[in-house]
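Spelled out, the chains give:
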Amino acid sequence: MNLTQEKDRQARARASAGAGYLLLAGGLIVLPWFIPNYQRVFAAEILVWGLFALSFAIVYGVGGMLSFAQAVFFGMGCWGFNFATYYLQLNTWGAIAAAILAAVLFAIPTGFLATRARQHHFLIVTVIISVLVHTVLASGHYRWVAGPYVTRAMTFVPEVPLGFTSLSFRSEFVSYYFTLALVALAVSAAWLIVNSPFGKALRAVRDNETRSSLIGLNVNRLRFLMFVAATAFAGLAGALYALVARYTDLEFFNWTYSGKAVVWAVVGGVHSLIGPFFGTAFYMIASEYLSQYFEQFVVVFGVILLIVIRYAPEGLWGLIVRQSVGRSRR
Amino acid sequence: MELLLILAMNGLVFGLIVALIALGLSIIFGLLDIINVAHGDFFMVGTVLAWVIVTATGNYWAAFLIVPILGLLLGAVIERGILRPIEDSPALSIVAAFGLSLILQEGVRATFGATPKRILDPIGLTIPVLNLRYEVYRLFAAGIAVLAIAGFFLFLHHTKFGTWMRAVRQDREMATAMGVPANRVFVVTFALGTAMAMLGGVVAAPITSVEFRLGLDVLPLCFIAVIVGGLGNLPGTAAAAVLLAVMEGVITSFAAPTTARIVSLLLMSIVLLLRPQGLFAKAGR
């Protein structure tokens, strides 16, 4: 293949990818008009959990850190949201900011500890952080640590002040579009981070730490910054969950929830920003409709995970992209 | 005083069982270079199988014979079928182990049910300890765990296969060049690790409740033991497991169990920060 043909092929692949993303965005925008009310909220929840999976995908796919602590930061987001709403009496924007802040502030000491550890130690440290936080919160002896802001059902319908008007979450359309808008913003931010020089440096660290430190990259600092940055997405997801479901739970802190993020992101594909959403949607839709017929659907999903790891390590979304690019080549 | 003694003894018994499980985790890590997050679930499957065998045959002792053999088979199949094809990527292997953990947990929930069950004390005798009575079964359980651990170390240091295992762990390529069948060593190691966790499950079944979430409680304990003892340091791991469990037992005598667990977790964090090679590592290792 000569150079012109190669460039031509790349241009066509880019065009088809662009068309695909436009189609996807358009589909997400018109989606709520074609589904009943409760499914609009369900779709919003998929977006929220997808954002949670994305926060893992960034840490793992770009940073090479297999973190089992993402759930803690999702939970911190829920906690921060509740704390700001009930204790500080902030409005929705303030509560969302507080949620992200809570996750990030908690990520600074824990991330400092964890990112110093390598590979297997890192994994174990993240599990231990989760277990520690969950144990403390679940014990009841330490209620003063988190106050009554962990497990909480929202007693009112949240409102989003926009200056000229105010959006009420009474409408499922608001739930969906508000979530979609913030998730789209978050994905754009993630795209900027991943494709920035910082993201590229981190990928270099992931692929070869020794070489990266020899060319002058500060390995520990890069890993730490990425860890903290990713927790902001988990915190935002926690806040959005509190808004959409109007309910938060202690169990969100449990590392089994981090495991869910791992599964969703890996099945969908950790090397793209769409993959985690795809994996989450696949899991949630399948479990919603298949669990009626087969209660322990999760077993099937475990098998799907093993098959994906074995035959499509780039994930299902990666598989779709590869197939469609392959088609446009012909 | 009696309470302290009883709690410390309970800690010792449980610590020995955890040591057995954590040793399995540690040899799998040492050879295959993966953190087996499904290891707690192997333990859980061991307890469940013990329950099934007791219910089916009425004979608890049969479980001691059958379950470890099933463990060897299960471990061998998992290594061959699931982990071998992706051995080049440790991260993917860990995710695969997590998938396995989901399958085991939810599979047990689907078949065995979600409600915790109990196995009656198979010995049913007690001996006097100061003014209290202590279950003989617990002492027996500790004895079995010690025997299994001792047997494992004898196997590792005094048989040809054990020497192969140590050789592959030290330098896989050199060992292969010397004619050690590395692939067979991997299968046997994983099978052994699985069997040890499941034997631990059988031993622990009468003194804990039997349910599908059991692995989630045990796995962090094994992680702590493996970290405090030093990742891949087998005697250190066993010692750390016993030490931590006794410590938790002693703390429980004057504080809430949660506080005891938090102290262990904090201790582990400190060890990880100050001595990442483990508490018992020799200098310059």
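Shown above is the structure to which this text applies.
Being a predicted model, the structure only gives us computed values, none of them experimental. (Residues numbered from 1 in each chain as written. Chains lettered and ligands numbered in written order. Predicted model: local features only at pLDDT ≥ 70, side-chain atom pairs only at ≥ 80, totals over all residues.)

Chemist: I'd like a rundown of the overall build of chain B, residues and numbers included.
Modeler: Looking only at helices and strands, chain B features 11 helices and two strands. Its helices and strands taken in sequence order, chain B reads α-α-α-α-β-β-α-α-α-α-α-α-α from the N to the C terminus. For 285 residues, the compact-globule formula gives about 19 Å, and the C-alpha radius of gyration of chain B, at 19 Å, lands near that figure. For chain B, the spread of C-alpha atoms along the three principal axes comes to 60 × 50 × 35 Å. Evaluated residue by residue, chain B yields a buried proportion of 49% over its 285 residues. (Helix = DSSP H or I, 4+ residues; strand = E, 2+ residues; numbered from the N terminus. Rg over C-alpha atoms; globule rule 2.2 N^0.38 Å. Buried ≥ 20, exposed ≤ 12 C-beta atoms within 10 Å, placed from the backbone.)

Chemist: Give me the lowdown on helix 11 (residues 257-274) of chain B, citing residues and values where you can.
Modeler: The end-to-end C-alpha distance of helix 11 of chain B is 26 Å, a good match for the 26 Å that 18 residues give at a rise of 1.5 Å each. Taken together, the buried positions of helix 11 of chain B are occupied by Ala-260, Arg-261, Ile-262, Ser-264, Leu-265, Met-268 and Leu-272 of chain B. (Expected span 1.5 Å × (residues − 1).)

Chemist: Break down helix 3 (residues 60-83) of chain B for me, with residues and values.
Modeler: Residue and element names in this part refer to chain B. The first and last C-alpha atoms of helix 3 sit 32 Å apart over 24 residues, in line with the 34 Å expected at 1.5 Å per residue. The axis of helix 3 is deflected most strongly, by about 25°, at Ile-66, and proline Pro-68 appears within four residues downstream. Those residues of helix 3 that are buried are in contact with helix 1 (2-32), helix 2 (39-57), helix 4 (90-112) and helix 8 (182-204). (Bend = angle between axes of the 7 residues up to and from the residue. Contact = placed C-beta atoms within 7 Å.)

Chemist: Mind laying out the interface of chain B and chain A, listing which residues take part and the relevant values?
Modeler: At the junction of the two partners, chain B supplies 33 residues and chain A supplies 32 residues. When residues of the side of chain B that touches chain A are traced back to their parent elements, those giving at least two are helix 4, helix 9 (214-229) and helix 11 of chain B. It is helix 4 of chain B that contributes the most residues to the side of chain B that touches chain A, 13 residues altogether.

Chemist: Which residues make up the environment of Leu-101 of chain A, and what values do they have?
Modeler: Here Leu-101 of chain A is to be found in helix 4 (residues 92-116). In this structure Leu-101 of chain A comes out as partly exposed when scored by C-beta crowding, with 16 C-beta atoms within 10 Å.

Chemist: Which residues make up the nonpolar core, and what are the values?
Modeler: Val-18, Ala-19 and Ala-225 of chain B are the most contacted members of the largest nonpolar core, which totals 205 residues. In contact with Ala-19 of chain B, not counting residues within four places along its chain, are Ala-145, Ile-149, Ala-225, Ala-238, Ala-241 and Val-242 of chain B. (Core = buried A, V, L, I, M, F, W, Y, C linked by C-beta atoms within 7 Å.)

Scope: geometric values only; no functional claims are made or implied.
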